[in-house]
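Below are the chains, spelled out letter by letter.
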Amino acid sequence: MTEQAPIVIVGTGLSGYSLAREIRKLDKETPVIMVTADDGVSYSKPMLSTGFTKGKDAEGLAQGASDAMSEQLNVHIRAFSTVTGIDTRAHELVLGDERLAYRKLVLAWGADVIRLRLEGDGQEHVFSINDLMDYREFRKALGDGKRVAIMGAGLIGCEFANDLRNGGYEVDVIAPSEVVMPGLLPEVAANAVQQELENLGVNFHLGTVVDRIDRKDSGVTLSLANGKTLYADLVLSAVGLRPRTGLARAAGIETGRGIAVNRALETSAPDVYALGDCAEVDGHVLLYVLPLMACARALAKTLTGERTEVSYGTMPVMIKTPCCPTAVCPPAPDAQGSWDVERDGTDVKALFKSPHGEVLGFAVTGRFALEKQALSREVPPIHG
């Protein structure tokens, strides 16, 4: 029975569709069913923080409707289908009262946004953008509004701050950290990005948090822990993502920070795999495009008969803050060394060097961002 069953991919985001494309490069005929809780429209999630700059709404960012993707990839897409369980012994995906048999199952269902519990009656004005449907809802709610408050000064918060300013909106960014993108950028590079965003007109409120959000007129007031009060038409919450692990854990599949998989993307359950934002690959949760694409290529080979372990190259992260072009390749958490910094205003070239002078990571901003490819060749890969 299992031999005749299809490969089932849960998720039609960048992970799911990338994997389907890679499978079809190797095997045109094996039945593939894609299951998604949303409408199945293909889009690139990283592009969600470029819509205002490019003058594109949700429809403009869409790359293909589900029926077009189904035809293009020769797959069957089950849109608006919510997975309620996984029966690993029976090799069946549970969709409410229905059971869908699989030969191989791939969990590519992404991560959930972390939602803050705040006081006040203005919660309906708080939005998070995690997919194209969220983005459509946010644009619709924004309407004629002109002021947006962003909770979170990480990569997503800074990218949206830049994008919204390019769209002509007033932007306030509130975060508990003392610098932007803590943990991703060294302080000198973070300060350069913040300065250019401030030059663009973004207002930062760092070292504090939002205590409550209350309705006021057609918008809200945000009361900050430092005593300040801000007004906004909408609030964008960008405080982080949490890999979706609940259903996998309930099915007895091993989880950590994400769904635990080895370098072949195999979970602890037979014939069940995971990739993308929901996966913890060999101890790493990497919420970026380059590792995702590397995983999709390796997994496609495995699913079509050639078991392949993912091998990462050096994978710089491109930060979409056009006011201050930025790329970073963080050193490994246990790397020994220090930052060697060259700076000219907000043009920063920071190299993390070992005691022997080897480049183990870098962060470049402004005109130095052009050196990212050359520097990438100097940095050792994450592993493998």
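Note that this is a predicted model, so its numbers are computed, not measured.

Engineer: Can you walk me through the nonpolar core in this structure?
Structural biologist: The nonpolar side chains of a soluble globular protein tend to be buried, and buried together. Core analysis: the biggest nonpolar cluster contains 52 residues, and Ile9, Leu93 and Leu107 have the highest contact counts within it. Examining the composition of this core, we find that 7 residues originate from one element, helix α9 (residues 289–303), more than from any other. Ile129, Val173, Met181 and Ala238 belong to the second-largest nonpolar core, a separate cluster that totals 48 residues.

Engineer: For this particular structure, what's the right way to read helix α7 (residues 187–200)?
Structural biologist: Note: α-helices contain 3.6 residues per turn, so residues at a spacing of three or four share the same orientation. Between the first and last C-alpha of α7 there are 20 Å, a value that for 14 residues agrees with the 20 Å anticipated at 1.5 Å per step. Among the residues of α7, those classed as buried are Val188, Ala189, Ala190, Ala192, Val193, Gln194, Glu196 and Leu197. Against the buried residues of α7 lie α6 (155–166), β14 (203–206), β24 (326–329), β25 (338–344), β26 (347–353) and β27 (359–365). Note on α7: the residue one or two positions beyond its end, glycine 201, has a positive phi of about 115 degrees.

Engineer: Would you mind showing me how to read the pairing of strand β1 (residues 7–10) here?
Structural biologist: In the case of a regular strand, side chains alternate between the two sheet surfaces. Every second residue of β1 is oriented toward a common face, with Ile7 and Ile9 on one face and Val8 and Val10 on the other, all of them buried. Taken together, the 4 bridges between β1 and strand β9 (residues 104–107) define a ladder with parallel strand orientation. In the strand pairing of β9, valine 10 is matched with leucine 107. Taken together, the 4 bridges between β1 and strand β2 (residues 32–35) define a ladder with parallel strand orientation. Across the sheet, the residue bridging to isoleucine 7 is valine 32, located in β2. As for the winding sense of the linkage, the β-α-β connection from β1 through helix α1 (residues 14–26) to β2 is right-handed.

Engineer: Would you take a moment to explain the pattern of salt bridges for this structure?
Structural biologist: Pairing between side chains becomes possible if they bear opposite charge and their charged atoms approach one another. Evaluated as defined, the whole model comprises 20 salt bridges. Aspartate 277 is the salt-bridge partner of lysine 45, the closest N and O atoms lying 3.7 Å from each other. Linking lysine 45 in the loop between β3 (42–43) and α2 (51–54) with aspartate 277 in the loop between β21 (272–274) and β22 (279–281), this pair joins segments that are 232 residues apart in sequence. Take lysine 45: its relative accessible area is 27%, and that puts it in the partly exposed class.

Engineer: So what exactly am I meant to see when it comes to the packing of α1 against α9 here?
Structural biologist: Each packed pair of helices is defined by two parameters, the angle between the axes and the distance between the axes. Packing of α1 against α9 brings their axes to within 8 Å, and their N-to-C directions diverge by 40 degrees. Considering their axes alone, α1 and α9 lie oblique with respect to each other. Along this stretch, α1 crosses α9, giving a crossing that reads as right-handed. Contacts between α1 and α9 involve Leu14, Ser15, Ser18, Leu19, Glu22, Ile23 and Leu26 on the former and, on the latter, Val289, Leu292, Met293, Ala296, Arg297, Leu299, Ala300, Lys301 and Leu303. Looking at side-chain class alone, the contact of α1 with α9 contains 11 nonpolar, 2 polar and 3 charged residues.

Engineer: Can you help me understand unusual backbone geometry in this one?
Structural biologist: As a rule of thumb, non-glycine residues mostly have phi less than zero, and peptide bonds are mostly trans rather than cis. Unlike most non-glycine residues, histidine 91 shows phi in positive territory, near 55 degrees. Mapped onto the elements of the fold, histidine 91 is located in the loop between β6 (85–87) and β7 (92–95). You will see that aspartate 217, though not glycine, has its phi angle at about 55 degrees, which is positive. Mapped onto the secondary structure, aspartate 217 falls in the loop between β15 (210–216) and β16 (219–224).

Engineer: Is there a simple way to think about the side chain of glutamate 159 in this case?
Structural biologist: With respect to the element layout, glutamate 159 can be found in helix α6. Relative accessible area serves as the criterion here: at 2%, glutamate 159 is assigned to the buried category. Ignoring any residue separated from it by four or fewer positions in sequence, one finds glutamate 159 in contact with Ser49, Met318, Ile319, Lys320 and Thr321.

Engineer: It is not clear to me how the packing of aromatic side chains should be interpreted in this structure. Could you clarify?
Structural biologist: Each aromatic ring pair is specified by the distance between its two centres and by the angle formed by the two planes. Counted under the stated rule, the structure contains 4 aromatic pairs. Considering the side-chain rings of phenylalanine 127 and phenylalanine 138, the 6.2 Å spacing of their centres and the 75 degrees angle between planes classify their relative orientation as edge-to-face. Of the two residues, phenylalanine 127 sits in strand β11 (residues 126–127) while phenylalanine 138 sits in helix α5 (residues 132–142), which places them 11 residues apart along the sequence. Take phenylalanine 127: its relative accessible area is 11%, and that puts it in the buried class. One aromatic cluster is present, formed by Phe52, Tyr135 and Tyr169 through successive ring pairs. If you follow lysine 146 out to its NZ or CZ, it ends over the ring of tyrosine 169, 5.4 Å from the centre. A cation over a ring is seen here: arginine 367 above phenylalanine 368, with NZ or CZ 4.4 Å from the ring centre.

Engineer: I keep staring at the sheet that holds β7 and nothing clicks. Help me out?
Structural biologist: Neighbouring strands of a sheet are bound in pairs by backbone hydrogen bonds; such pairs are parallel or else antiparallel. Across the sheet, 3 strands lie side by side as β6-β7-β8; this open sheet has antiparallel pairing. Of all the strands in the sheet, just β6 and β8 (98–101) have a single pairing partner and so form its edges. The average angle at which neighbouring strand axes cross in this sheet is 25 degrees, direction not considered. Two elements, β6 and β7, share 3 bridges in a ladder whose sense is antiparallel. Within β7, the residue paired with glycine 85 across the bridge is valine 94.

Engineer: Hey, could you run me through the packing of α1 against helix α4 (residues 66–73) in this one?
Structural biologist: Viewed as axis vectors pointing N to C, α1 and α4 meet at an angle of 25 degrees, and their least axial separation amounts to 10 Å. In terms of orientation, α1 lies roughly parallel with respect to α4. Residues Tyr17, Ala20, Arg21 and Arg24 of α1 lie in contact with α4, whose contacting residues are Ser66, Met69, Gln72 and Leu73. For the contact of α1 with α4, a count of residues per class yields 4 nonpolar, 2 polar and 2 charged.

Engineer: I keep staring at the environment of isoleucine 319 and nothing clicks. Help me out?
Structural biologist: The residue isoleucine 319 is located in strand β23 (residues 317–319) in this model. On a C-alpha basis, the gap between isoleucine 319 and leucine 155 in space is 6.9 Å, while along the polypeptide they are 164 residues apart. Sequence-distant contacts of isoleucine 319, defined by excluding residues within four places in its chain, comprise Leu155, Glu159, Met181, Leu184, Leu185, Thr326 and Val328.

The rules behind the values
Residues numbered from 1 in each chain as written. Predicted model: local features only at pLDDT ≥ 70, side-chain atom pairs only at ≥ 80, totals over all residues. Heavy atoms only, no water. Core = buried A, V, L, I, M, F, W, Y, C linked by side-chain atoms within 4.5 Å. Buried < 20%, exposed > 50% of the residue type's maximum accessible area, 1.4 Å probe, protein only. Helix = DSSP H or I, 4+ residues; strand = E, 2+ residues; numbered from the N terminus. Expected span 1.5 Å × (residues − 1). Contact = heavy atoms within 4.5 Å. Pairing = 2+ DSSP bridges. Right-handed = clockwise from strand over helix to strand, strands pointing away. Salt bridge = Lys/Arg side-chain N within 4 Å of Asp/Glu carboxyl O. Axes fitted to C-alpha atoms, helices over the stretch in contact; angles between N-to-C directions. Parallel < 35°, antiparallel > 145°, perpendicular 65-115°, else oblique. Left-handed = near helix turned anticlockwise from the far one by under 90°. Nonpolar A, V, L, I, M, F, W, Y, C, P; charged D, E, K, R; others polar. Phe/Tyr/Trp six-rings, centres within 6.5 Å; stacked < 30°, edge-to-face > 60°. Lys NZ or Arg CZ within 6 Å of the ring centre and 35° of its normal.

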